[in-house]
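Read off the chains here:
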Amino acid sequence: MGESIDAAKFREVLGHFPTGVVVITAIAPDGSPLGMTVGSFTSVSLDPPLVAFLPEKKSRSWARLRASGPRFGVNVLAHHQDEVSASVALRETEKFAGFEWRLSPTGLPVVSGCVAYIDCTTEQIVEAGDHDIVIGRVDHLAVEAGGDPLVFHAGAYGTVFRHLPK
Ligand SMILES: Cc1cc2nc3c(=O)[nH]c(=O)nc-3n(C[C@H](O)[C@H](O)[C@H](O)COP(=O)(O)O)c2cc1C
């Protein structure tokens, strides 16, 4: 029999699992860039090539991304892009004002200097509690700047050690 799980304890315990930080992007009908900062990104399948992220159902950013159409970009942030992460996570529309970006060959916003980007078309949206699981088929992908990624762990930003100390 499961114990009832307190929300604060859930966040605290799950916060011990480190994640990378990505910015999900799309273009709004008026041509402006849309974005959402997400830690819940993962690769899913190689054949066919699928990835996934988990937006909160009540997120206004996710509602705007979803309404813009089935295509979305995934930008893997670099270790020095914590301010990009924070800016895109804000509850406002002018999220892209403080940094450079351009369009990828398939027409999705790419954050300049990100480690890598992955352009996708939504294949399936699975409801999972208070979140959706958005599964995207990869249309185009590239390493952009490479280098060390931004990591979120225990409520703070960091990066990775390339090798475990011996
Ligand atoms: C490092 C980091 C990781 C995040 N990961 C997620 C995530 O996986 N799913 C999600 O729904 N929101 C995530 N957020 C929150 C959103 O970026 C954003 O703050 C939230 O969607 C704002 O609410 P709005 O979409 O209603 O404007 C994350 C925020 C940060 C800073």
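Residues numbered from 1 in each chain as written. Predicted model: local features only at pLDDT ≥ 70, side-chain atom pairs only at ≥ 80, totals over all residues. Heavy atoms only, no water.

**Focus: the overall build of the chain**
Selection rule: Counting from the N terminus, the helices are the DSSP runs of H or I reaching at least four residues and the strands are the DSSP runs of E reaching at least two. Only C-alpha atoms enter the radius of gyration; for comparison, a globular chain is expected to reach 2.2 Å times N to the power 0.38, where N is the number of residues. Each residue gets one of three labels from its accessible area relative to the maximum for its type: buried under 20%, exposed over 50%, partly exposed in between, using a 1.4 Å probe on protein chains only. Residue contacts follow a heavy-atom distance rule, with two residues in contact if any of their heavy atoms lie within 4.5 Å. Note on areas: Shrake-Rupley with a 1.4 Å probe; residue coverage comes only from the protein chains shown. For this count, His and the chain ends are skipped, Lys and Arg are scored as positive, and Asp and Glu as negative. Where a charge sits is defined by one atom per residue type, namely NZ (Lys), CZ (Arg), CG (Asp) or CD (Glu).
Looking only at helices and strands, the chain features three helices and twelve strands. Its C-alpha atoms give the chain a radius of gyration of 16 Å, within 12% of the compact-globule value 15 Å for 166 residues. Counting only C-alpha atoms and orienting by the principal axes, one finds that the chain spans roughly 50 × 40 × 35 Å. Expressed as a percentage of the 166 residues in the chain, the buried residues total 34%. Here the contacts in the chain between residues at least 6 apart in sequence split such that 62% fall between residues at least 24 apart. When the accessible surface of the chain is totalled, it reaches about 10,000 Å², and 58% of it is carbon and sulfur. Of the side chains in the chain, 14 bear a positive and 19 a negative charge, and the two mean positions are spaced by 2 Å.

**Structural notes on the site of the ligand**
Which entries qualify depends on this criterion: Nearness is judged by heavy atoms alone; a residue qualifies as near a molecule or strand once a single heavy atom is within 4 Å of it. Two N or O atoms form a polar contact when they lie within 3.5 Å of each other; inside protein one atom must be a possible hydrogen donor and the other a possible acceptor, and for residues adjacent in sequence the pair counts only when both atoms belong to side chains.
Near the ligand, the surroundings consist of 15 residues, among which Thr37, Ser40, Glu56, Ser59 and Ser61 are the closest. In this structure, glutamate 56 approaches the ligand through a main-chain N or O atom, which is 2.7 Å from an oxygen atom. Arginine 91 is positioned with one of its side-chain polar atoms (N or O) 3.3 Å from an oxygen atom of the ligand. Burial of the ligand by the protein amounts to 81% of the accessible area it has alone, namely 620 Å². Those elements that place two or more of their residues in the shell around the ligand are strand 3 (33-38) and helix 2 (60-67). Looking at which element gives the most residues to the shell around the ligand, the answer is strand 3, with three residues.

**Observations regarding the nonpolar core**
Inside soluble globular proteins, nonpolar side chains tend to come together where they are buried. So the rule is basically this: Each nonpolar core is a collection of buried residues, namely Ala, Val, Leu, Ile, Met, Phe, Trp, Tyr and Cys, held together in the definition by side-chain atoms within 4.5 Å.
With 21 residues, the main nonpolar core has Ile24, Phe53, Leu65, Phe72, Val74 and Cys120 as its most contacted residues. Those elements giving two or more residues to this core turn out to be strand 2 (22-27), strand 3, strand 5 (50-53), helix 2, strand 6 (71-76), strand 9 (116-128) and strand 10 (131-143). Non-local contacts of isoleucine 24, meaning those with residues more than four positions away in its chain, are made with Leu34, Gly35, Met36, Val38, Phe53, Leu65, Phe72, Gly73 and Val74.

**Structural notes on the packing of aromatic side chains**
Rules: Note on aromatic contacts: the rings of Phe and Tyr and the six-membered ring of Trp form a pair at centre separations within 6.5 Å, being stacked when their planes are under 30 degrees apart, edge-to-face when over 60 apart, and tilted otherwise.
The tally for this structure, following the rule as stated, stands at five aromatic pairs. Each ring, one from phenylalanine 53 and one from tryptophan 62, has its centre 5.9 Å from the other, and the planes form 85°; the classification is edge-to-face. When sorted by exposure, phenylalanine 53 lands in the same class as tryptophan 62, which is buried. With centroids separated by 5.1 Å and ring planes inclined at 70°, the aromatic side chains of phenylalanine 53 and phenylalanine 72 adopt a geometry described as edge-to-face. Of this pair, phenylalanine 53 sits in strand 5 while phenylalanine 72 sits in strand 6; the two residues are 19 residues apart in sequence, bridging distant segments of the chain. Here phenylalanine 53 falls in the buried class, since its relative accessible area comes to 1%. Using a relative accessible area of 5% as the deciding quantity, one classes phenylalanine 72 as buried. Through a chain of ring-to-ring contacts, three or more aromatic side chains come together here, namely Phe53, Trp62 and Phe72.

**Section: the side chain of aspartate 132**
Of note, aspartate 132 is situated in strand 10. A distance of 3.0 Å separates a polar atom in the side chain of aspartate 132 from a polar atom in the side chain of tryptophan 62.

**Let's talk about the state of the cysteines**
Where two cysteines share a covalent bond between their sulfur atoms, that bond is called a disulfide. Selection rule: Cysteine sulfur atoms are paired as a disulfide whenever they come within 2.5 Å of each other.
The full count for this structure, using the stated rule, is zero disulfides. With no disulfide of its own, cysteine 114 lies 13 Å from the sulfur of cysteine 120, the closest cysteine sulfur.

Everything listed here is a matter of geometry and, on its own, says nothing about what the molecule does.
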